[in-house]
Structure formats: structure tokens, C-alpha cells
Amino acid sequence: MNRLTEETIKQATVGKMMTCQEVSSYSPQEIREAISGLVAEHKTILAEALVEAGLALYPESEDILAIASLMAMQRQDWGQAASLLRLLIDQQGINTTPYSYIMLIRALRCNLEYAEALSICIDAHEKHPDHPDIDAEFKVLTSILGLKPYPADESLDSEEEDVLSPAVLEKSNPSKAKETAETSVISDQTK
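Criteria and cut-off values
Residues numbered from 1 in each chain as written. Predicted model: local features only at pLDDT ≥ 70, side-chain atom pairs only at ≥ 80, totals over all residues. Heavy atoms only, no water. Helix = DSSP H or I, 4+ residues; strand = E, 2+ residues; numbered from the N terminus. Buried < 20%, exposed > 50% of the residue type's maximum accessible area, 1.4 Å probe, protein only. Areas by Shrake-Rupley, 256 points an atom, 1.4 Å probe, with all protein chains shown as cover. Expected span 1.5 Å × (residues − 1). Contact = heavy atoms within 4.5 Å. Axes fitted to C-alpha atoms, helices over the stretch in contact; angles between N-to-C directions. Parallel < 35°, antiparallel > 145°, perpendicular 65-115°, else oblique. Left-handed = near helix turned anticlockwise from the far one by under 90°. Nonpolar A, V, L, I, M, F, W, Y, C, P; charged D, E, K, R; others polar. Salt bridge = Lys/Arg side-chain N within 4 Å of Asp/Glu carboxyl O. Patch = residues over 30% accessible without salt bridge, like charges linked within 9 Å, V, L, I, M, F, W, Y side chains within 5 Å.

Caption draft 1: View of the overall build of the protein. Summing up its helical and strand segments, the protein has 11 helices and zero strands in all. What you see in the protein, going N to C, is helices and strands ordered as α-α-α-α-α-α-α-α-α-α-α. Per-residue burial for the protein yields a buried fraction of 32% across its 191 residues. Accessible surface, the protein as shown: approximately 11,900 Å² in total, 54% of it carbon and sulfur.

Here you go:
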């Protein structure tokens, strides 16, 4: 238990909360560790108070954004979690970890924002190819959205997988496919 955790608990036992000024003498890392310690001791109300103080004092700190987003996810405030995770990813920039992306994808998925989650998942895959958890999220999202993911080698195995192939068009609407083919032939003859 760090000093801040002890001080927060001590003040809470006498019915007081620490002020932002008192908390400001601690680093973002110390605040994150204190929040984690309070959660481990099932003192989530005190932890939430420290989250608010940490966000007020250090709104761009990766430590504070990470623990604040986890706290939002714990209380199932998916919109707040997604907002904080977006800020965290912006702060991390090119050093964004796969788990920051995964947590954002999950927060969006839980908030029923499937298309946005899929978009973030694709971005995450480009930055962290073949990461098993990102791949698993991609499979879940494509399943939810009813999309058919590309084969592993990204090549089409048969003409039927190409939705614009003449065979597939003919199966879906035989008269329209014939019309399209005839128009194409006439167009070629007039050239």
C-alpha cells in the first residue's frame, strides 16, 4: 500500500476526502497505484474519487487515462471508457499497445458500436498484425455484423466468392446478368 492509499483511507475513516491540492503532491504513477490498491481492497468509492482528482490534475497522463478507463469499464460505463481509451491511444501515438486497442474495441462492442469497433480493429491489426486477441476480436465483430472475413491468403478461391463475377450475378438475377452481358457485347462492338 503506497502513501496515497494510506492517506486516502485515513482521511475517509474520519469522514473527509482528500482535496485536489493534497493529491497534487503525488505523481500520476502514484495515483494510479493508489487507485489500484483501493480497488484491490474493495474501496471503489475512494478509488473513483482519486480517479476524478487524477483526471483533473493530469488529464493527459497515460497512467491516469489507463486506470480511469479500467474503472469506467468496471462500472460498465462503456461510453466513458471508450472516450478515455481514445484519449489514451492519442497520447500513446505510435507506441500504442495492442491492449489499448483491444480495450477500446471491447468498450465499443459493449456499447453496441460494432462498426466503429470493427474500424478500430482493422487499424489495430495494421499496427499489430497477427496479434491473437486482435484477430479474435475481428472474428467476433465480423460474426456480429454478419460479414464474411477474407480467406487467410486474401485471394479468392473460386469465382463464386467474387460477388461481381458473371456466374454470381447470373445466379442472383439471371435476366439482369444477361442484359448486362448483352450491353457489354454491344458496347465492345461499337468501339
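So much for the structure itself; the text now carries on.
Caption draft 2: View of helix H7 (residues 98-110). Along its 13 residues, H7 runs 18 Å from first to last C-alpha, staying within 8% of the 18 Å computed at 1.5 Å per residue. By the burial criterion, the buried members of H7 are Pro 98, Ser 100, Tyr 101, Ile 102, Leu 104, Ile 105, Ala 107 and Leu 108. Summarising the contacts, the buried residues of H7 are in contact with helix H5 (62-74), helix H6 (78-92), helix H8 (114-127) and helix H9 (132-145).

Caption draft 3: Region of interest: unusual backbone geometry. At Gln 76, a residue that is not glycine, the phi angle is positive and equals roughly 60°. Assignment of secondary structure puts Gln 76 in the loop between H5 and H6.

Caption draft 4: Representation of the side chain of His 131 in the model. Here His 131 shows up in the loop between H8 and H9. Discounting residues that sit within four places of it in the chain, His 131 has contacts with Pro 98, Tyr 99 and Ile 102.

Caption draft 5: Representation of the environment of Gly 37 within the structure. Along the polypeptide, Gly 37 turns up in helix H3 (residues 28-40). It is 9.7 Å that separates the C-alpha atoms of Gly 37 and Leu 4, two residues lying 33 residues apart in sequence.

Caption draft 6: Representation of the packing of H5 against H6. Across the interface, H5 lies against H6 with an axial gap of 8 Å and an inter-helix angle of 160°. If you check the angle between H5 and H6, you find them roughly antiparallel. Relative to H6, the crossing made by H5 is left-handed. For the pair H5 and H6, contact is made by Glu 62, Leu 65, Ala 66, Ala 68, Ser 69, Ala 72 and Met 73 and by Trp 78, Gln 80, Ala 81, Leu 84, Leu 85, Leu 87, Leu 88, Gln 91 and Gln 92, respectively. Of the residues that constitute the contact of H5 with H6, the class distribution is 11 nonpolar, four polar and one charged.

Caption draft 7: Summary view of the pattern of salt bridges. Tallied over the entire structure, the rule returns six salt bridges. Measuring nitrogen to oxygen at the nearest pair gives 3.4 Å for the salt bridge that ties Glu 116 to Arg 86. Of this pair, Glu 116 sits in helix H8 while Arg 86 sits in helix H6, and the two are 30 residues apart along the sequence. For Arg 86, a relative accessible area of 32% gives the class partly exposed. Glu 137 is the salt-bridge partner of Arg 106, the closest N and O atoms lying 2.7 Å from each other. Of this pair, Arg 106 sits in helix H7 while Glu 137 sits in helix H9, and the two are 31 residues apart along the sequence. One salt-bridge network, held together by shared partners, links Glu 48, Arg 75 and Asp 77.

Caption draft 8: Representation of a nonpolar patch on the surface within the structure. On the surface, Val 140, Ile 144, Leu 145 and Leu 147 cluster together into a nonpolar patch covering about 290 Å² of accessible area. One can find Val 140 in helix H9. Judged by relative accessible area, Val 140 falls into the partly exposed class, the value being 33%.

Caption draft 9: Structural context of the packing of H7 against H9. Across the interface, H7 lies against H9 with an axial gap of 10 Å and an inter-helix angle of 20°. Between H7 and H9, the crossing angle belongs to the class labelled roughly parallel. Taken as a pair, H7 and H9 cross one another with a handedness that is left-handed. The residues of H9 that touch H7, namely those facing Pro 98, Tyr 99, Ile 102, Ile 105, Arg 106 and Arg 109, are Asp 133, Ile 134, Glu 137, Val 140, Leu 141 and Ile 144. Here the contact of H7 with H9 is composed, by residue class, of eight nonpolar, no polar and four charged.

The analysis is restricted to geometry; functional conclusions fall outside its scope.
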